[in-house]
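Inside the fold
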Amino acid sequence: MQQLIEQGNFLALSRTQPELFNTPHHFRLENNTQVFIGDAGIIAFTPEKSVSQTSKHIVLSCGVHGNETAPIEICDDLVRQILTGEITLAHRVLFLFGNLPAMDIAERFVEENMNRLFSGAHSAGEGCNNDERRRAKALEDAVSDFFSAACDGEGKYHYDLHTAIRASKNEKFAVYPYLHGRNHSKGQLAFLAACGVKTILLSESPTTTFSYFSSHQHQAHAFTVELGKVQPFGHNDMTRFADARDALTALITQQTFAPEVDMDSLDIYRVNQVINKQQEDFKLHFDDDTPNFTDYAKGTVLASESGKTYVAEQDGEAIVFPNAKVTIGQRAMLTVVPTQLENLDV
Ligand SMILES: O=C(O)CCC(=O)N[C@@H](CCC(=O)O)C(=O)O
Ligand SMILES: [Zn+2]
């Protein structure tokens, strides 16, 4: 653990010597921050706090898809800075490096897309029978244990950080999971805007994503945050992530980080269609390099498969996350349309 504290190389050790973390570790840093390592890639920090301070409980996850490297590099760096005492936390933070084996092969996943395995989906069907299913359950358990320490009135937050497979007309965007009637939060939109994320997709149905799990199960402010485009490790232009890195640093190190936002500066969309692949011959009717948020006129054929054609239902309907290669039954594309947000909470 001494080497870990001196070098802060938690991710590297988790990837190269995961057995070091087969049993949980507890220790304290010089600044009295408590460290709890639950498993390889799972590390929680609890700073010393005075009685008058309220805590935020913040989960930062990355690498749920192993080839989405920029968020992994950002979190790796934050963990290093915390362990080496370069920064001091104001709040509890749990870092989750999701799919370590997929990082090693520079792929989205090894056997199964982990971001379809939350809210218990890891144990449905054939059961918890592969590494990704077991890891999704372990990540859920880590989040539940972490949030169980939150007192009434203390905020719970989960930013699940990703990058998208294709280029995007709106480079950074976030999916706001379905809230089942709870109000959306203006403060959260302001925080995302401070991260450079000014395009928000409002999901209108339950999903098996990680952010929906924390939002629904723990009533946390939770988001899937897309910070750019997939690149191999070391090939990210980190200047494009500076706002996100700075805002995340401010969030975890400042007692009160409360940026403001002009709602007119945001592009809000609601999900209009969730298109699931049902046949092996599912195909997209636009070029492979068509960016996310490309919009179409009403009636344009967007995708088809045996027995079904998917068209834009409205003028200006835009495509997000199109992927014809997903497993049958899984989401192959979202379509979104512009909307307004009303009844915002603070
Ligand atoms: O670019 C893509 O096609 C996928 C990028 C990605 O991993 N997105 C997440 C979004 C999760 C959500 O809808 O909240 C995913 O597909 O898991
Ligand atoms: Zn992803």
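Residues numbered from 1 in each chain as written. Chains lettered and ligands numbered in written order. Predicted model: local features only at pLDDT ≥ 70, side-chain atom pairs only at ≥ 80, totals over all residues. Heavy atoms only, no water.

**Things to note about the domain arrangement of the protein**
The condition is simple: Boundaries between domains were set according to an automatic or database domain assignment. We call two residues contacting when some pair of their heavy atoms lies within 4.5 Å. Two parts placed together each lose some accessible area under a 1.4 Å probe, and the buried area is that loss summed for both. Salt-bridge detection follows one rule: a side-chain nitrogen of Lys or Arg within 4 Å of a carboxyl oxygen of Asp or Glu.
We note that the domain assignment places domain 1 (2-264) and domain 2 (273-338) within the protein. Put simply, the middle of domain 1 and the middle of domain 2, counted by C-alpha atoms, are 29 Å apart. On the side of domain 2, 18 residues touch domain 1, which itself brings 15 residues to the contact. Contact between domain 1 and domain 2 buries roughly 1300 Å² in total, counting both sides, with carbon and sulfur atoms accounting for 57%. It is R116, R166 and K169 that lose the most area in domain 1 upon contact with domain 2, and together they represent 49% of the buried surface on that side. There are zero salt bridges connecting domain 1 and domain 2.

**Describing the coordination of the zinc ion (ligand 2)**
Under the convention used in this document: The donor set covers N, O and S atoms within 2.8 Å of the metal, switching to 3.2 Å for Na, K and Ca, and it leaves out water, so a site may look short of donors. The helix and strand labels rest on DSSP assignments: H or I over at least four residues marks a helix, E over at least two residues marks a strand, and numbering proceeds from the N terminus. Only protein chains enter the area calculation, which uses a 1.4 Å probe; residues under 20% of their type maximum are buried, those over 50% are exposed, and those in between are partly exposed.
Summarising the metal site, the zinc ion (ligand 2) is bound by the protein donors H65 (ND1), E68 (OE), E68 (OE) and H162 (ND1), whose distances to it range over 2.0 to 2.3 Å. Between the donor residues of the zinc ion (ligand 2), the gaps in sequence give the motif H-x2-E-x93-H. One end of the pair, E68, is in the loop between strand 4 (56-62) and helix 3 (69-83); the other, H162, is in strand 6 (residues 155-164), with 94 residues separating them in the sequence. A single burial state applies to E68 and to H162, both of which are buried.

**Examining the environment of K298**
Secondary-structure assignment places K298 in the loop between strand 12 (295-296) and strand 13 (301-305). K298 gets classed as exposed once you look at its relative accessible area, which sits at 59%. Taking C-alpha positions, K298 is 56 Å from K49, a pair spaced 249 residues apart along the chain. Non-local contacts of K298, meaning those with residues more than four positions away in its chain, are made with A312, E313, Q314 and D315.

**Describing unusual backbone geometry**
Residues other than glycine seldom take positive phi values, yet A106 does so here, at roughly 55°. Summarising the element assignment, A106 is placed in the loop between helix 4 (100-104) and helix 5 (131-147). In this structure, H180 is a non-glycine residue whose phi angle is positive, near 50°. Relative to the helices and strands, H180 is located in the loop between strand 7 (173-176) and helix 6 (186-194).

**Section: helix 6**
The criterion, for reference: Pairs of N or O atoms within 3.5 Å make up the polar contacts considered here, provided that, within protein, one atom can donate a hydrogen while the other can accept it, and that residues adjacent in sequence are counted only when both atoms are side-chain atoms.
Within helix 6 the residues assigned to the buried category are Q188, L189, A190, F191, L192 and A193. Where the residues of helix 6 are buried, they touch strand 6, strand 7, strand 8 (199-202), strand 9 (221-229) and helix 8 (242-253). The N-terminus of helix 6 is capped by S185, whose side-chain oxygen sits 3.4 Å from the backbone nitrogen of G187.

**A short note on the environment of L189**
When you line up the elements, L189 lands in helix 6. You can call L189 buried: its relative accessible area is 0%. As a C-alpha pair, L189 and P259 span 70 residues in sequence and 9.4 Å in three-dimensional space. Every residue in contact with L189, bar those within four places of it in the chain, is listed here: Y176, I200, V261, M263, L266, L341 and L344.

**Considerations on the side chain of S55**
Inspection of the secondary structure puts S55 in the loop between strand 3 (42-46) and strand 4. Overall, the relative accessible area of 8% leaves S55 in the buried class.

**Notes on the UniProt feature "domain: Succinylglutamate desuccinylase/Aspartoacylase catalytic" (unreviewed entry) in the protein**
Put simply, the test is: UniProt positions are given in the numbering used here, feature names are shortened, and annotations may be inferred rather than shown by experiment.
The UniProt entry lists residues 56-252 under the feature "domain: Succinylglutamate desuccinylase/Aspartoacylase catalytic" (unreviewed entry), expressed in the numbering used here. A helix fraction of 34% and a strand fraction of 20% characterise residues 56-252, whose end C-alpha atoms lie 8 Å from each other.

**Here's the deal with the pairing of strand 16 (residues 331-338)**
Stated precisely, the cut-off is as follows: For two strands to count as paired, DSSP must find a minimum of two bridges between them.
The element strand 16 is largely enclosed, with a buried count of seven among its eight residues. For strand 15 (residues 317-320) and strand 16, the ladder comprises three bridges, and the chain directions are antiparallel. Opposite A318, over in strand 16, you have V336 as the bridge partner.

**A word on the sheet that holds strand 13**
The strand order 11-13-14 describes an open sheet built from three strands, whose pairing is antiparallel. Each end of this open sheet is capped by a strand with a single partner; those strands are strand 11 (283-284) and strand 14 (308-311).

**Points about the UniProt feature "binding site: Zn(2+)" (unreviewed entry) in the protein**
In the numbering used here, UniProt assigns the feature "binding site: Zn(2+)" (unreviewed entry) to H65, E68 and H162. In summary, the annotated positions, though distributed over 98 residues, converge in three dimensions, the widest C-alpha pair being only 7.4 Å. By the secondary structure assignment, H65 is in the loop between strand 4 and helix 3. Ignoring anything within four residues of it in the chain, the contact list for H65 reads E107, R108, N113, N115 and H162. Here the side chain of H65 touches R108 through a polar contact of 3.4 Å, side chain to side chain. Residues within four places of E68 in sequence aside, it is in contact with R108, H162, T163 and V230. A polar contact of 3.1 Å, which involves the side chain of E68, links it to the side chain of R108.

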